[in-house]
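Each chain is listed here by its residues.
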Amino acid sequence: MKGKMILLCVTGGIAAFKAAALTSKLSQQGADVHVLMSENATRFVTPLTFQALSRNAVHTDIFEEKDQNGIAHIDLADNADLVMVAPATANIIGKLAGGVADDMISTTILATKAPVWIAPAMNVNMYDHPAVQRNLQTLTDDGYRLLEPGEGLLACGWIGKGRLAEPEDILDAVKRHFEQQGQLPLKGKKVLVTAGPTQEKVDPVRYFTNHSSGKMGYALAKVAADNGAEVTLVSGPTDLDMPAGVKVVQITTAAEMYEEVMRYFDHADIVIKSAAVSDYRPKETYDQKMKKKDGEWKIDMERTQDILSDLGKRKQGQVLVGFAAESEKMDEYAEQKLRKKNLDIVVANNISEAGSGFRSDTNKLAIFRRDGSKRELEMMSKREAAGVVLDEIEALMKGRRNDDC
């Protein structure tokens, strides 16, 4: 990122102190960091702090021109390689979603053609408020990139989602962004990803499901989109935010997932089946709630269609990737799945290992290939793991191209 101009827009929240650390890290990597601060941000951290860390003048007032030969917000907007709002308060998120330009930060952002990233930081109840979520959705639809806040103890005393992403994680995202510019490995490729659980109805209030959160599949879809792919994500019910730049098809049952996957499969170049699809569903369902009675209630189950197996029979040149979440004999079952279902890659994890099960933010994966080789990964975030899986897919595709030459 040496020489890249990054506009760091700091708005008024306690997390502004993390922005100082981020400024230091970006500058150490050679970036040309220009800090813009809202009036409220200066109440938390002084402009002098950012000036010392960035070695550049800090902009706080749109009417204060430090260079009389130019117009600061236009010059900054025109020359920026990346614009980042960190921390982003509910206020600035609302302004940008509504197209309001009434200060240095909002005016500069509306004038730039550079990518704009938003890193929210606020009280969990503010973050979950429908207005804030609606504004964030508007921004992602407009092409802004959302850097998800973390969960934990907040400065206000509440516990929940709302912590500014850590400076180290933001720095890694910026590095990847500039590394990928001009060399997007999946540009022009169509990628189909499945994620989350399915729900199989018993009656209007009961269903069978599993513990899948969809986090791994959503990470795969987002990283594939960041790498230039045209991504379709077929998702079961989750609590996750829709990834920007991805077409999302929402389903509930295994039958619905089968139908949607088959709809998009023939036109896909890469298919990644990371969803935890129900293997069985109730043979009989009820339109009215079943009332409690004496004795046992036995529910007969029938098999759902095996989506991955049918894809393996149908594939014609697609790279087909399956996931295996196992609690024992992981290697044996993963290799069996690879052969039996005609897959190119199986990504396996031991769900009984701490940090590698459902709903966690990390994963410890093993990647099995058709040539019999295996790659074991250390514990890492699901976003990082998604990057490694897609690197494996790209290497496989590159090998196929070389074989064709």
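Here the structure is a predicted model, which is why all the values come from computation and not from measurement.

For F323, the location among the structural elements is in strand β16 (residues 319–326). Put simply, F323 and A334 are eleven residues apart on the chain and 8.2 Å apart in space, counted from C-alpha to C-alpha. Look past the residues within four positions of F323 in its chain and what remains in contact with it is M216, L220, I272, K273, S274, K337 and V347.

As for its position among the elements, E392 is in helix α13 (residues 382–404). One polar contact links E392 to R375, side chain to side chain, over a distance of 2.7 Å.

Moving on, we get to the packing of aromatic side chains. Tallying each qualifying case throughout the model produces one aromatic pair. Above the plane of the ring of Y280 lies R303, whose end atom (NZ or CZ) is 5.6 Å from the centre.

With that settled, the discussion passes to the layout of surface pockets. Estimated volume of the largest pocket: approximately 1600 Å³. In this structure, the largest pocket is lined by 48 residues; those nearest its centre are E148, P149, K161, K215 and D361. If you list the elements that add at least two residues to the lining of the largest pocket, you get α6 (124–128), α7 (130–141), β5 (145–146), β6 (150–153), β7 (159–163), α8 (167–180), α9 (215–226) and α13. It is α8 that contributes the most residues to the lining of the largest pocket, five residues altogether. Of the residues contributing to the lining of the largest pocket, the split by class is 18 nonpolar, eleven polar and 19 charged. Considering only enclosed or pocket space, the second largest pocket measures out at about 940 Å³ in volume. Forming the boundary of the second largest pocket are 38 residues, of which A275, F323, A324, A325 and K337 lie nearest the centre. Counting only elements with at least two residues in the lining of the second largest pocket, the list comes to α9, α11 (307–314), β16 and α12 (330–340).

Attention shifts here to the pattern of salt bridges. Across all of its chains, the model carries 21 salt bridges by this definition. With a shortest N-O distance of 2.9 Å, K18 and E166 are connected by a salt bridge. Residue K18 is located in helix α1 (residues 16–28), and its partner E166 is located in the loop between β7 and α8; the two are separated by 148 residues in the primary sequence. A relative accessible area of 12% places K18 in the buried class. Of the residues examined, E166 reaches a relative accessible area of 31% and is grouped as partly exposed. Among the ionic contacts, a cluster of salt bridges with common partners joins R145, K222, D226 and R383.

Further remarks concern unusual backbone geometry. In this structure, P87 follows A86 across a cis peptide bond, with omega equal to 0°. By the element assignment, P87 lies in strand β3 (residues 82–88). Positioned with a positive phi, R55 is a non-glycine residue whose angle comes to about 65°. With respect to the helices, strands and loops of the structure, R55 is situated in the loop between α2 (47–54) and α3 (72–79). By relative accessible area, R55 is classed as exposed at 74%. Unusually for a residue other than glycine, R359 sits at a positive phi of about 75°.

Reading the values: the criteria
Residues numbered from 1 in each chain as written. Predicted model: local features only at pLDDT ≥ 70, side-chain atom pairs only at ≥ 80, totals over all residues. Heavy atoms only, no water. Helix = DSSP H or I, 4+ residues; strand = E, 2+ residues; numbered from the N terminus. Contact = heavy atoms within 4.5 Å. Polar contact = N/O pair within 3.5 Å; in protein donor to acceptor, adjacent residues only side chain to side chain. Phe/Tyr/Trp six-rings, centres within 6.5 Å; stacked < 30°, edge-to-face > 60°. Lys NZ or Arg CZ within 6 Å of the ring centre and 35° of its normal. 1 Å grid on protein atoms, 1.4 Å probe; cavity = no way out; pocket = protein on both sides within 12 Å on 5 of 7 lines; lining within 4 Å. Points joined across faces, edges and corners; volume = space filled by probe spheres on them. Nonpolar A, V, L, I, M, F, W, Y, C, P; charged D, E, K, R; others polar. Salt bridge = Lys/Arg side-chain N within 4 Å of Asp/Glu carboxyl O. Buried < 20%, exposed > 50% of the residue type's maximum accessible area, 1.4 Å probe, protein only.

Treat this as a map of the structure, not an account of what it does.
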